[in-house]
Each structure stands twice: as structure tokens, then as C-alpha cells.
Amino acid sequence: MRPPPPLLLLAALAAAAAQPGCPLARGPAGECHGPWAAHSATCVDMQLRTCSDVAYNQTTFPTLLKHRSREAVESSSEYILLSVLHHLLEGQCNPDLRLLGCAVLAPRCEGGHVHRPCRHVCEGLQEACQSAFDAIDMAWPYFLDCGHYFSSVEEGCYDPLEKLREGLDADEALPSGLPPTFIRFTHHSYAQMVRVLRRTAARCAPIAKTYSIGRSFNGKELLVIEFSARPGQHELMEPEVKLIGNIHGNEVAGREMLIYLAQYLCSEYLLGSPRIQRLLNTTRIHLLPSMNPDGYEVAAAEGAGYNGWTSGRQNAQNLDLNRNFPDLTSEYYRLAESRSVRSDHIPIPQHYWWGKVAPETKAIMKWMRTTPFVLSASLHGGDLVVSYPFDFSKHPQEEKMFSPTPDEKIFKLLARAYADVHPMMMDRSEHRCGGNFLKRGSIINGADWYSFTGGMSDFNYLHSNCFEITVELGCVKFPPEEALYTIWQHNKEPLLNFVEMVHRGIKGVVMDKFGKPVKNARILVKGIRHDITTAPDGDYWRLLPPGSHIVIAQAPGYSKVIKKVTIPARMKRAGRVDFILQPLGPGPKKLLLGPRRIGSGPRDPPGGASPYGEPEDPGWEPLGGRRQPSAGGSKPWWWSYFTSLSQHKPRWLLKY
């Protein structure tokens, strides 16, 4: 049974009775015809609440949809749709679609003339957001028809999304006399963070670039800065690392550490640091300083030193993002009981999409599917310790229970790589922050600390090739500004040391006898029941502890290849181990030895995506698994929410 609609959705739908929002001629499916023609107009002040944040102050009546008054606009089904669209689409394309719709419902009026929004902006949004409408079985709104209500640049259009970039593109000059390598050890607002990251990428353009992996529920870009010898592309056998901060909005030290780290990497590279140049020339590093920018705004409004333990922790939907990922750990424990079943690269259960999934969570999952990450760290606050998977106890009733992964040895090495060079984590005082973890070396198995489901680290390990740890940076979640420099000094070396750990173990390419890469081939290590898979180029990376290992490569249609490798204790560069697979000979196909996958079909990610590598459909949209088209010709689930809109219902939203 579907959960009740959001309060805002019910309030908006109950607030007004809709008028026929398209008085022009309609087609047989209810679509609206007839473009608006430019004309001189009388400009009036903008008084529409849903459109209060557009980049202009005046509109005109009648509008492009022939609404002749503010009251007519506010009672229209088009306007009500805009007011609830972010709930219907669960934060996707918000606020972009709302601002685009406002440009039609309340056109921009300046100097007695109406300005149309740009057609190319509309077309770009439709391409990006069509899948979100398809996922809830809703037609693209007629008033966002890019060919009717929009114009070209040559015709003098304007960008209705310019407000989203306001204050983000402008550079912020450094105080006079300071070198460009200067780092401000201060808290950064969202706009300041974006400016610093973009300015840093511009300074180090040959090795850095910024990109967005999506938007928060309130529409803020989830901005990543990437460092690589060839930013923007995966290089063969170059491992990929991601560092994520601010997953809880009120835990801000990680956010600032990654902003500082970005500037540090850029400056040190330009200054010729051998260590940093070697690192960036051999590693692709992705920094996401803020996964929860909406929660940060709530916490920052209270300020450092005044923030409560939970204010701003959740995102704008009141969801804890580190409890919002699919619970694959429970499925792992079930699969692990059978030795003949694979327990890695577990697909996402279909029922997961029936719940509330944050757009920030979806953005991380889609990011993981398009980039072959090897190593990751999530930076938190509230204690001083490094934890590693599993975070969920193998006995759910046990709140604290040691629950190791098959890769327990390498996870402990990864955690120690951070903790052993952190001066405060190595401080011998038991009365300090995190002193209760001193006897454990300031590292701990997550479930042995406290057990919880839906965590990002467990999901990384069980759904992909990526190994992720969780770093708690200190007991004060929102430290005062004067403490930030010291926190940076404590964490700079641990961050670098941890990233360098991605070069431990082995790497190589799996190819056929003709030299063609074999993607999604399996790399097995005897004694470790967790396989990794090759990337589309056939390359792989397998983090391994020192010692001798039996490594097996196999893929459907090929005979398996077995090699023995020895990793010295002090080896700091991954050993290269390539595999050439021979096709199976004629006759009955031999089954691959090793665990098999069972029951994955119903739990496969929607959109035809493979759970083992890149999505088969580049436009994979998780929401589609939750909002399937209605069967038997019945109306979609959201239609009942519009039945209170009088006899003029928005049938133009129906696809069938």
C-alpha cells in the first residue's frame, strides 16, 4: 500500500480548485496547442509564491497560457503541478523544472516587453528529466513544450535558470598580497565552497575539473572536484578513489577537510612536490566535500558551538543519508550460508525502491555505477576513530557484535593507514576524545561499535568493487573556526596516506587471445569469498594484504586462468598481473567453477542495469523500479491526488 502523500502535496491540492488551464484548442489526448506571440505588455509585480525565487521581479497578464489574473494562475492545475512537482519526482530536477515552468506561467516582463525563456534550456532539461516523468508514468507537461513557449538565442531569449548560478560563478578575490596557494581555514557556505572548488579547478586545469553528480532535494548541485593526469576520463589501470564529506549535514569537519585538500593538491602539484605529482599522475581522485548541502544550511544557521547533536543531520526530506542505502548486508548473511552462491555484487532488492529514497542517495549510487571506484572514505564527526565494514551485525538482535567481511585483513590495513599517522588517534591518553578506542588502535569493526542498516560503506562493498571506510574526525560535530587549522594539520597526512593505499595489492588487464578486453570478468582470490570484476576496458584492481595468494580470472565462454602471486610487506605499488583467457573449445559448454548467482532476477536494478558493471542503459533511473506503469489501463498512483481539481482535471498528464 502506497504511503500517504507529502503534506505539501495534500495542502497544495486541497488549497484550490483548478480552472481549465489551457483555453486554447486541445488535441484528442488533451494536449494544448497554439504558441504565444510576443507583444507589448503592462508589467506588474510578481506575487506568485511558488515562483517567488525567479530571477526577475515583474510579470504580465494575460500569461503565455492566457491566464488573465494572479488568481487564475494560482487556481490552475499547471501552477499546482509546479508546486508539488519536487515531491512527485522526489527531488529530481528541482528546482530547475519549477523555474522553467514559472517562466511560462509567469513570463518575464521588463520595460513593457515580455521575454521568452530559451528553447535550448528547455530541451536540455527535457533530455535530463524525461526519465523521471516516465518513472512515475506521467506525460511531459504540455506547457513545457519546447517548441511552443520558448524561443532561440537569436530571438533574444533568456535563461530561466540563471538564478541557480547567481553568486557561484563570480570569483572571490583573495586579500591583497596573499599568494594563490593561500588556503583560508574557515567555514565555507555553499556558494563559497562552489567558488573555491571552481577556482581551484581553473588554477590546475591540466589536472583538475569540477562536475556535478546530481542535486540535493532542495536543488543544490552535489559538486565534485576531480584530480587526474587526464581529468574527465578513466585511464587504463589507473585506480579511482573517492572521498565524501558532510553526509550528515551537521558534521562539517569532513566538508572543510576536503575543500582544503583540493586546494592543497593543486598548490603542491604546481609547486613541484614529487609526492603529489606522483600521486596525481597515477591516481584519479574524486572529492565530494558535501553530500548533504541542505542539512549543512540548517546546521550552519545555528552556527559553530551552538549546533545540537542532530540539527541538520538529515537531508531536507528528514532522511538520514547513512541509513538510506539498500540493506544488502542482510542479504549477504543469507547468501553466505550457502557455499555454492556468490555473495558479492549483490543486486538492489526491488522492494527498496518502494520506500523513500533521497536524491542524494540516488546520485551516489549512479556515480558508483559509472566510475570503477576501488577505494573510498566517508568523513564524519562525533568521535575520533576509523571504522570499517560490516556496519550491520550478523545477528540483527545484537547491537554490538564483531561482524567482519571476507576482506577483514585488508580493511584493517586501510583503517590503520589513516589512524596510525593521525597524531590524536595515536595519543595514549584515555581521557581524550576517542580514548575508549585506544586499546583497539583507534580502529574498530563498525558492527562491533554499534550496528545499523542502510549504511554507505556496506553498500559499497557488497554492490561494487569499492572498499570504503568511515572516519570520525573528532567529538565536536561543528567545530569553531579557530579549530579548523589544527584539524587540518591532524588529517592532512592521514588523508594522503589513505589515498596512497589504493596502490596496494595487484592490478592488471583481462583480455582474450586477440588482445580484446574482457569486461565483467571475475577476479577470485582463494580463501577470500569476495570477487571483484573487470571494468569495461578489461582492467581491474584487487586490494590485498601482504602474503601469497592464488588468483583466478574467469568469464563466461572462457576457460579460467590461475596464477600465484606474492605481495611483499613493504610493497607500495600494485603488482601487475594480466590474464589472457582462452575460449572454451567446441562441444558442451563447461560450467564455470565457483559460486553461482541465484535469485538475482527480481532484485536486479531497474532500467536493465547489470549489477556487476556499468548500467546497460546509461539513463538508468532507480525511481523507475518504484513507479511502474499502471496495469490494466488504470490511472497512475498520483492521479487520485488531482481528482479534487474540479471537473477540469489535468488529463494532459496522462500518457495513455
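Residues numbered from 1 in each chain as written. Predicted model: local features only at pLDDT ≥ 70, side-chain atom pairs only at ≥ 80, totals over all residues. Heavy atoms only, no water.

Per an unreviewed UniProt entry, the recorded name for the protein chain is Carboxypeptidase Z, and the organism is Odobenus rosmarus divergens. Annotation of the protein chain in UniProt includes, under Subcellular location (unreviewed entry), the sentence "Secreted, Extracellular space, Extracellular matrix". Among the UniProt annotations of the protein chain, the heading Cofactor (unreviewed entry) holds the following wording: "Zn(2+)". (UniProt positions renumbered as here; feature names shortened; annotations may be inferred.)

Chemist: What should I look at first to understand the packing of helix H11 (residues 359–370) against helix H14 (residues 456–463) in this one?
Modeler: Interaxial distance between H11 and H14 falls to 12 Å at its minimum, and their mutual angle equals 30 degrees. Taken together, the axes of H11 and H14 lie roughly parallel to each other. Here the hand of the crossing between H11 and H14 comes out right-handed. Counting all contacts with H11, which are made through Ile364, Met365, Met368 and Arg369, the residues of H14 involved are Met456, Phe459, Asn460 and His463. Looking at side-chain class alone, the contact of H11 with H14 contains five nonpolar, two polar and one charged residues. (Axes fitted to C-alpha atoms, helices over the stretch in contact; angles between N-to-C directions. Helix = DSSP H or I, 4+ residues; strand = E, 2+ residues; numbered from the N terminus. Parallel < 35°, antiparallel > 145°, perpendicular 65-115°, else oblique. Left-handed = near helix turned anticlockwise from the far one by under 90°. Contact = heavy atoms within 4.5 Å. Nonpolar A, V, L, I, M, F, W, Y, C, P; charged D, E, K, R; others polar.)

Chemist: Please explain the packing of aromatic side chains as it appears in this structure.
Modeler: Within a pair of aromatic rings, the relevant descriptors are the distance that separates the centres and the angle that separates the planes. Overall, the coordinates contain 26 aromatic pairs when judged by the stated rule. When the ring of Phe133 is compared with that of Trp140, the centres are 5.0 Å apart and the planes differ by 65 degrees; the resulting orientation is edge-to-face. This pair shows no difference in class: Phe133 is buried, exactly as Trp140 is. Ring geometry for Phe411 versus Phe467: centroids 5.1 Å apart, planes at 25 degrees, classification stacked. Placement of the pair is Phe411 in helix H12 (residues 408–419) and Phe467 in strand S12 (residues 467–474), with a sequence separation of 56 residues. Residue Phe467 is classed as buried on the basis of its relative accessible area, which comes to 1%. Site record: aromatic cluster; members linked through ring pairs are Tyr332, Tyr333, Tyr388, Phe390, Phe411, Tyr461 and Phe467. Across the ring face of Tyr296, the terminal group of Arg255 is positioned such that the distance to the ring centre comes to 3.5 Å. (Phe/Tyr/Trp six-rings, centres within 6.5 Å; stacked < 30°, edge-to-face > 60°. Buried < 20%, exposed > 50% of the residue type's maximum accessible area, 1.4 Å probe, protein only. Lys NZ or Arg CZ within 6 Å of the ring centre and 35° of its normal.)

Chemist: What's the story with the environment of Leu243 in this structure? I'm lost.
Modeler: Along the polypeptide, Leu243 turns up in strand S7 (residues 240–245). Exposure remark for Leu243: the relative accessible area of 0% places this residue in the buried category. Residues Leu243 and Ile469 lie 226 residues apart in sequence; the distance between their C-alpha atoms is 9.9 Å. In this view, Leu243 contacts Leu258, Leu261, His286, Leu287, Leu288, Ala377, Leu495, Phe498 and Val499; residues no more than four positions away in its chain are not counted.

Chemist: What am I meant to see in the pairing of strand S18 (residues 561–567) here?
Modeler: On any regular strand, side chains alternate: one points to one face of the sheet, the next to the other face. Where strand S17 (residues 547–554) lies against S18, seven bridges are found, and the strand directions are antiparallel. Bridge pairing in S18 places His549 opposite Val565. Taking the residues that link successive antiparallel strands as the turn, the S17-S18 hairpin has six residues, and the phi of Gly557 there is positive, at about 90 degrees. (Pairing = 2+ DSSP bridges.)

Chemist: How should I be thinking about the sheet that holds strand S9 (residues 373–380) in this particular structure?
Modeler: What holds strands together in a sheet is hydrogen bonding between their backbones, with the strands either parallel or antiparallel. A sheet is described by the order of its strands in space; here eight strands give the open sequence S5-S6-S8-S7-S9-S12-S10-S11, paired in mixed fashion. Two strands in the sheet have a free side with no partner beyond their single neighbour: strand S5 (208–215) and strand S11 (443–445). Taking each pair of neighbouring strands and ignoring which way they run, the sheet shows an average axis angle of 25 degrees. When strand S10 (residues 383–388) meets S12, the two strands line up antiparallel, connected through five bridges. Note that in S12 the partner of Ser387 across the bridge is Thr470.

Chemist: Is there a simple way to explain the packing of helix H8 (residues 274–282) against helix H15 (residues 484–500) in this structure?
Modeler: Two measures define how a pair of helices packs: the angle their axes make with one another and the distance between the axes. In the contact formed by H8 and H15, the axes pass within 11 Å of each other and the chain directions differ by 40 degrees. As far as their axial angle goes, H15 and H8 are oblique. As H8 runs across H15, the sense of the crossing is left-handed. Only Glu493, Leu496, Asn497, Val499 and Glu500 of H15 make contact with H8, whose side of the interface consists of Arg275, Ile276 and Leu279.

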